[in-house]
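Here is what each chain is made of, one letter per residue.
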Amino acid sequence: MAIKDSPAPADRSEPIIVVDSVSKSFGPVTVLSGVSLEVTRGSMVAIVGRSGSGKSTLLRCMNALEEIDAGTIRVCGHNVDMADRATVRRLRDDVGMVFQSYNLFPHLTVLRNITLALTAVQKKSKAEAETVARRVLGLVGLADKEAAYPEQLSGGQAQRVAIARSLALNPKVMLFDEVTSALDPELTGEVLKVMEDLATGGMTMVLVTHEMGFAKRVADTVVFMHQGKVWEAGPPEKIFADPQTPELRQFLSSGL
């Protein structure tokens, strides 16, 4: 699978996401506490940890779906500030996000689910939007499903359509939040194959995942979060083979 406009190898050392000392609370509950990390262009970062460790909240903060209480986040050159709606709009142009729930419109065909944002937001013509949609459907192996409705798709197919919909907007960064957690092993494999192909093509990706084998095989960096903090981070061969803290050792031994 080839991804158009992939960043050149020379860009890989340049941070495209910078999270600096970010904190976030919901009422009296602290969810993120002084989180810092960087993501370089063309890399895949897998965020792992137990439920409640702050993984999904961190991802949502990167895309301005949650407002941070302290610290700074810079993504694709944009300072993530929810008070600045113009910045948020530009950020959403550059960042695609795929959730556990597919969020497809049930009354629209697969093709129209993908072309809707292209025509309504990017103001492309119907013909241009459909050309883009068919290209990305081919990338995720669903070229024959353009006329289908979401209820006619398996879970794995629906998730791949959700990925195609984000890809159609030509993002610089893709964020994935537990996109396989509701799928059985066979369908999970379909979705992970698409994500692996995207990584090979040079797409910058940050994913929250419980698929340890996938993170070990494909990620450039694995971030282990615990109690709202980045507890350990490094290349997968180090994280999985030589955990430095008892918390990470226990997490890995639990098989989660």
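Residues numbered from 1 in each chain as written. Predicted model: local features only at pLDDT ≥ 70, side-chain atom pairs only at ≥ 80, totals over all residues. Heavy atoms only, no water.

Q: Would you explain the overall build of the protein chain in this entry?
A: Looking only at helices and strands, the protein chain features 9 helices and 10 strands. When burial is assessed residue by residue, the protein chain has 50% of its 256 residues classed as buried. Counted over contacts in the protein chain with a minimum sequence separation of 6, partners at least 24 positions apart contribute 66%. Accessible surface for the protein chain amounts to roughly 11800 Å². Of this, 50% is attributable to carbon and sulfur atoms. Across the protein chain, the 28 positively charged side chains and the 30 negatively charged ones have centroids separated by 4 Å. (Helix = DSSP H or I, 4+ residues; strand = E, 2+ residues; numbered from the N terminus. Buried < 20%, exposed > 50% of the residue type's maximum accessible area, 1.4 Å probe, protein only. Contact = heavy atoms within 4.5 Å. Areas by Shrake-Rupley, 256 points an atom, 1.4 Å probe, with all protein chains shown as cover. Lys, Arg positive; Asp, Glu negative; His and termini not counted. Charge placed at Lys NZ, Arg CZ, Asp CG, Glu CD.)

Q: When you look at the pattern of salt bridges in this model, what are you seeing that I'm missing?
A: Side-chain pairs of opposite charge can arise whenever the charged atoms involved come near each other. Inspection of the entire model under this criterion finds 7 salt bridges. Where R134 meets E146, a salt bridge forms, and the shortest distance between an N and an O atom there is 2.8 Å. Here R134 is found in helix α4 (residues 126-139), whereas its partner E146 is found in the loop between α4 and α5 (155-168), with 12 residues between them in sequence. In this structure R134 comes out as partly exposed when scored by relative accessible area, which is 38%. Of the charged contacts, one joins D197 and K193 as a salt bridge, the two residues approaching to 2.8 Å between their closest N and O atoms. Taken as a pair, D197 and K193 lie in helix α6 (residues 185-200) at a separation of 4 residues, close to a single helical turn. Connected via shared salt-bridge partners are E130, R134 and E146. (Salt bridge = Lys/Arg side-chain N within 4 Å of Asp/Glu carboxyl O.)

Q: When you look at the sheet that holds strand β6 (residues 95-98) in this model, what are you seeing that I'm missing?
A: In sheet architecture, strand pairing relies on hydrogen bonds along the backbone and comes in two forms, parallel and antiparallel. Sheet architecture is open: 6 strands sit in the order β6-β7-β8-β3-β9-β10, paired in mixed fashion. Every interior strand has two partners, whereas the edge strands, β6 and β10 (229-234), have only one. Taken pair by pair, the neighbouring strands of this sheet meet at an average axis angle of 15 degrees, ignoring direction. The pairing of strand β7 (residues 173-177) with strand β8 (residues 204-208) spans 5 bridges and is parallel. Counterpart to L175 in the pairing with β8 is V206. Across the face of the sheet, α5 comes into contact with β6 and β7 while running at roughly 170 degrees to β6. Of the strands in this sheet, β3 (44-48), β9 (221-226) and β10 touch helix α9 (residues 246-253), which is tilted by about 105 degrees from β9. (Pairing = 2+ DSSP bridges. Axes fitted to C-alpha atoms, helices over the stretch in contact; angles between N-to-C directions.)

Q: So what exactly am I meant to see when it comes to the nonpolar core here?
A: Soluble globular proteins: nonpolar side chains tend toward being buried together. Of all hydrophobic cores here, the largest spans 51 residues; its most connected members are I114, I163, F176 and M195. If we skip the residues at most four places from it in the chain, I114 touches A133, V136, L137, V161, A164, R165 and A168. (Core = buried A, V, L, I, M, F, W, Y, C linked by side-chain atoms within 4.5 Å.)

Q: It is not clear to me how a positive patch on the surface should be interpreted in this structure. Could you clarify?
A: A contiguous patch of positive charge on the surface is contributed by R85, R89, R90 and R92. Summarising the element assignment, R85 is placed in helix α2 (residues 85-94). (Patch = residues over 30% accessible without salt bridge, like charges linked within 9 Å, V, L, I, M, F, W, Y side chains within 5 Å.)

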